[in-house]
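# Reading the structure
The chain contents come next:
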Amino acid sequence: MEVKELEQALINYGLIIRGGFNAGTQSDLPVLDTGQKAEALILVGHGGSSIWAEFSNSPEYMIGKDHALDRWSQRVAGAISSRFGLQAVYPFTGPPYQPFLTWAQRAECQPVFQSRIGLSLHPVFGLWHAYRFALLSPVRIAEFQQRSAQPKVTELSSHCVRCKTSPCLSACPVNAFSEQGYDVQACANYLHATPEAACHTGGCLARKACPIGNSYQYESAHASFHMKAFVKARLADQ
């Protein structure tokens with residue numbers, strides 16, 4: 001499989017390769033549907049609102065049913081995986097859920113670090129990025145083998161270490177974020193009770209407070225879509 005050809009196919013959907021790695025000496029990747037051991041994993045996602053134009057004009061979005069972005073991701077991943085002889089897995093199907101955050105921290109090419117609000121911090125995209133699916137390969141990928149021999153990025157965590165004021169922890173109007181974790185219900189209750197809040201149209205204020213990757217903040221329509229979906233999901237769980 002040619003990685004550059006895969007990258008070009010993904011660009012048509014506003015997606016990019018977010019990193020990947022070859023399997024270790026132990027079987028540490030999911031087994032393929034064929035029963036064969038997966039030999040490599042490729043993470044696929046986006047930085048900023050690169051997918052929004054494609055997704056917001058898709059039938060999944062237009063129909064307006066629940067989990068539209070997940071269904072779009074599955075359709076796109078299905079087409080890509082069939083074309084390249086790969087198998088797709090998703091962060092939203094389960095339980096059991098696939099360890100995407102662990103994979104992301106292990107991946108070559110685009111390393112991430114867990115920020116103080118729990119989200120993965122990327123050195124370019126900041127907190128404005130996501131993983132939509134991963135592609136499992138039955139063969140090892142030479143590009144990942146070459147990259148694994150290169151020095152890993154070790155300074156990523158210093159973004160948070162050097163940050164003395166921690167604006168991400170104080171920007172939330174209901175203090176949903178702290179060193180102890182994320183109070184999901186407090187966040188959802190506030191958004192439900194105050195539809196006029198800036199969080200609805202501009203995106204999470206805690207994420208926006210981080211100075212890394214400001215130019216990649218989600219477009220208003222993109223941010224609003226995620227907020228509405230989040231509130232609806234939380235209310236359904238109550």
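A brief structural summary. (Residues numbered from 1 in each chain as written. Predicted model: local features only at pLDDT ≥ 70, side-chain atom pairs only at ≥ 80, totals over all residues. Heavy atoms only, no water.)

### Examining the pattern of salt bridges
Put simply, the rule is: By convention in these notes, a salt bridge is any Lys or Arg side-chain nitrogen within 4 Å of a carboxyl oxygen on Asp or Glu. Only DSSP runs of H or I covering at least 4 residues are called helices, and only runs of E covering at least 2 are called strands; the numbering of each starts at the N terminus. Summary of the burial criterion: residues with accessible area below 20% of their type's maximum are buried, those above 50% are exposed, and those between are partly exposed, where the area comes from a 1.4 Å probe applied to protein chains only.
This structure, assessed with the given rule, holds six salt bridges. Between Arg132 and Asp70 there is a salt bridge, with the nearest N and O atoms lying 2.9 Å from each other. One end of the pair, Arg132, is in strand β6 (residues 129-137); the other, Asp70, is in helix α4 (residues 68-84), and 62 residues separate them in sequence. In this structure, Arg132 and Asp70 share a single accessibility class: buried. Within this structure, Lys37, Glu39 and Arg140 form a network of salt bridges that share partners.

### Section: helix α1 (residues 3-11)
So the rule is basically this: What the arc measures is the spread of directions leading from the helix axis to the C-beta atoms.
Within α1, the full set of buried residues consists of Val3, Leu6, Ala9 and Leu10. Projection of α1 onto a plane perpendicular to its axis shows the buried side chains occupying an angular sector of 120°, all on one side.

### Some thoughts on unusual backbone geometry
Cis geometry is found at the peptide bond from Gly94 to Pro95, where omega equals 0°. With respect to the helices and strands, Pro95 occurs in the loop between β3 (87-89) and α5 (100-106). Cis geometry is adopted by the peptide bond preceding Pro96, which originates at Pro95 and carries an omega value of -5°. Mapping Pro96 onto the fold places it in the loop between β3 and α5. At His67, a residue that is not glycine, the phi angle is positive and equals roughly 60°. Inspection of the secondary structure assignment puts His67 in the loop between α3 (59-63) and α4.

### Side note on the layout of surface pockets
Worth spelling out the cut-off: Only protein atoms enter the 1 Å grid used here, on which a cavity is any set of points holding a 1.4 Å probe that cannot leave and a pocket is any open set flanked by protein within 12 Å on both sides along at least five of seven lines; residues with an atom within 4 Å of a point are listed as lining. Grid points are joined across faces, edges and corners, and a volume is the space filled by probe spheres set on the points. Only Asp, Glu, Lys and Arg are considered charged, only Ala, Val, Leu, Ile, Met, Phe, Trp, Tyr, Cys and Pro nonpolar, and every remaining residue, Gly among them, polar.
Each pocket or cavity is described by its volume, and for the largest pocket that value is around 2,000 Å³. Arg132, Arg207, His226, Ala229 and Phe230 are, among the 48 residues lining the largest pocket, the residues nearest its centre. If you list the elements that add at least two residues to the lining of the largest pocket, you get α4, α5, β6, α9 (184-193) and α12 (220-237). Here the lining of the largest pocket takes 14 residues from α12, the largest share from any one element. Considering only residue class, the lining of the largest pocket consists of 28 nonpolar, 11 polar and nine charged.

### Regarding the nonpolar core
Rules: In plain words, nonpolar cores are sets of buried Ala, Val, Leu, Ile, Met, Phe, Trp, Tyr and Cys residues tied together by side-chain atoms within 4.5 Å. In what follows, residue pairs with any heavy atoms lying within 4.5 Å of each other are defined as contacts.
If you look at the biggest cluster of nonpolar residues, it comprises 28 residues, and the most contacted ones within it are Leu15, Ile80, Phe133 and Leu135. Every element with two or more residues in this core is listed here: α1, β2 (40-47), α2 (52-55), α4 and β6. Ranked by the residues each element gives to this core, the list is headed by α4, at seven residues. In this structure Leu135 touches Leu6, Ala40, Leu41, Ile42, Val44, Ile80, Ser81, Leu86, Gln87 and Ala88, once residues within four positions along its chain are discounted. Residues Ile117, Leu127, Leu169 and Met227 belong to the second largest nonpolar core, which totals 19 residues.

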